[in-house]
Amino acid sequence: MTETLISSATREVVIGFDRPFVIIGERINPTGRKVLAEEMKQGDYSRVEADAVNQVEAGAHMLDVNAGIPLADEPAILAQAVKLVQSVTDVPLSIDSSIVAALESGLAVYRGKALVNSVTGEEERLESVLPLVARYGAAVVAISNDETGISEDPDVRFEVARKIVERAADHGIHHSNVVVDPLVMPVGAINMAGRQVMHIVRRLREELKVNTTCGASNISFGLPNRNGINGAFLTMAIGAGMTSAITNPLHGEVMQAVLGADVMMGHDPDCARWIKKYREPVAELAAGSGRKDRPRRRRRA
């Protein structure tokens, strides 16, 4: 059983084979959000703070923080965003950037053990990101593509993941601190994309013994009722062994699917989390009574 511990200054989250599925909130990302991008570029982080609080209240166990804004000082912006998010919530963070300097600036101010998002199988990326992960004692997301791009053959993607896990070990990073993203492709464009992910996830769990994550919303790109597709995908992925995902916790259908999958997998003992979330409120007497209904006692004859 492999467990990946991620922490803030005061809270720990464990991603693991026999643990409840971990939701990593995706909203703090300016990609495709022009208003957020402009606000962050101008030093306004009020929307970032609101997104952080709202996602945690909706059930996110961790938050992904990204500051990828063209022509902006990404290292400075990412560091500021990390500090502000940690000031308004105590959940652990995934520090997300394609720029190594930005990852380092985020790690330098982070309090706790972060998840670094991400490293690929490209040589340059391996030799720049893995030493950084080792130096800060972090965990890392391993994206299963390399210089050749993203293969449509799931077994090729598996071998890229194996390469990253082995190279991480060369830098003293245990496989429990490598969370593999098998890369989710749009099922509307590649009809077998869902089955490909299930195939890779099972191999990653059984052969490499690593935890997994993904950008779950990629599966539904271009389709109507995306949340329905995302929920179905995550339920099946959890059944195949996936242990976390970067997704939007504000979508109720998706969260319900994840909680239901945890019940079916035996990861919600006594269905306690499901019952807490969905049980009916205790009935009350007519307005103004101020008292809850009490069961009547039957008189003995």
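Summarised in this report is the structure supplied together with it. What you see is a predicted model, and the numbers here were worked out from it, not measured in a lab.

**Details of the overall build of the chain**
So, point 1. A count of helices and strands for the chain gives ten helices and ten strands.
So, point 2. A globule of 301 residues ought to have a C-alpha radius of gyration of about 19 Å, and the chain, at 21 Å, matches this closely.
So, point 3. Considered along the principal axes of its C-alpha atoms, the chain spans approximately 85 × 45 × 40 Å.
So, point 4. Within the chain, the proportion of its 301 residues that are buried is 50%.
So, point 5. If you take every contact in the chain between residues at least 6 apart in sequence, the share linking residues at least 24 apart comes to 68%.
So, point 6. Roughly 14800 Å² of accessible area belongs to the chain as shown, and the carbon and sulfur atoms make up 51% of that amount.
So, point 7. For the chain, the distance from the average site of its 34 positive side-chain charges to the average site of its 38 negative ones is 13 Å.

**What to know about the sheet that holds strand E5 (residues 93-96)**
So, point 1. As summarised here, the arrangement of the eight strands in space is E9-E8-E7-E6-E5-E4-E3-E10, forming an open sheet in which the pairing is parallel. At either end of the open sheet lies a strand with only one pairing partner, and these are strand E9 (211-212) and strand E10 (244-247).

**With respect to the packing of aromatic side chains**
So, point 1. Under the counting rule described, the total for this entry stands at one aromatic pair.
So, point 2. For the pair Trp274 and Tyr278, a centre-to-centre distance of 4.5 Å together with 50° between the ring planes defines the contact as tilted. With Trp274 and Tyr278 both in helix H10 (residues 272-278) and four residues apart, the pair spans about one turn of that helix.
So, point 3. Judged by its relative accessible area of 28%, Trp274 falls in the partly exposed class.
So, point 4. By relative accessible area, which is 27% here, Tyr278 ends up partly exposed.
So, point 5. Stacked on the ring of Phe158, the Lys or Arg Arg203 has its end atom at 3.8 Å from the ring centre.

**Considerations on the layout of surface pockets**
So, point 1. A volume near 870 Å³ is recorded for the largest pocket.
So, point 2. Only strand E3 (22-28), strand E4 (62-66), strand E6 (115-119), strand E7 (139-143), helix H8 (226-240) and E10 provide two or more residues apiece to the lining of the largest pocket.
So, point 3. In terms of residue class, the lining of the largest pocket is built from ten nonpolar, 16 polar and nine charged.
So, point 4. Of the volumes computed, that of the second largest pocket is approximately 430 Å³.
So, point 5. Going through the elements one at a time, strand E2 (12-16), E3, helix H2 (46-58), helix H9 (252-264) and H10 are the ones with two or more residues in the lining of the second largest pocket.
So, point 6. In terms of residue count, the dominant contributor to the lining of the second largest pocket is H9 (four residues).
So, point 7. Split into classes, the residues belonging to the lining of the second largest pocket amount to ten nonpolar, two polar and six charged.

**Overview of the nonpolar core**
So, point 1. Grouped together as the largest cluster of nonpolar side chains are 71 residues, with contacts concentrated most on Met40 and Phe233.
So, point 2. In terms of residue count, the dominant contributor to this core is helix H7 (residues 193-208) (seven residues).
So, point 3. Beyond its immediate chain neighbours, meaning those up to four positions away, Met40 contacts Pro30, Tyr45, Val48, Asn66, Ala67, Ile69, Ile77 and Ala81.
So, point 4. Counting residues in each nonpolar core, the second largest holds 13 residues, with Ile24, Met62, Val141 and Leu183 among its members.

What counts and how
- Residues numbered from 1 in each chain as written.
- Predicted model: local features only at pLDDT ≥ 70, side-chain atom pairs only at ≥ 80, totals over all residues.
- Heavy atoms only, no water.
- Helix = DSSP H or I, 4+ residues; strand = E, 2+ residues; numbered from the N terminus.
- Rg over C-alpha atoms; globule rule 2.2 N^0.38 Å.
- Buried < 20%, exposed > 50% of the residue type's maximum accessible area, 1.4 Å probe, protein only.
- Contact = heavy atoms within 4.5 Å.
- Areas by Shrake-Rupley, 256 points an atom, 1.4 Å probe, with all protein chains shown as cover.
- Lys, Arg positive; Asp, Glu negative; His and termini not counted.
- Charge placed at Lys NZ, Arg CZ, Asp CG, Glu CD.
- Pairing = 2+ DSSP bridges.
- Phe/Tyr/Trp six-rings, centres within 6.5 Å; stacked < 30°, edge-to-face > 60°.
- Lys NZ or Arg CZ within 6 Å of the ring centre and 35° of its normal.
- 1 Å grid on protein atoms, 1.4 Å probe; cavity = no way out; pocket = protein on both sides within 12 Å on 5 of 7 lines; lining within 4 Å.
- Points joined across faces, edges and corners; volume = space filled by probe spheres on them.
- Nonpolar A, V, L, I, M, F, W, Y, C, P; charged D, E, K, R; others polar.
- Core = buried A, V, L, I, M, F, W, Y, C linked by side-chain atoms within 4.5 Å.

Functional significance is not addressed by these values, which are geometric in nature.
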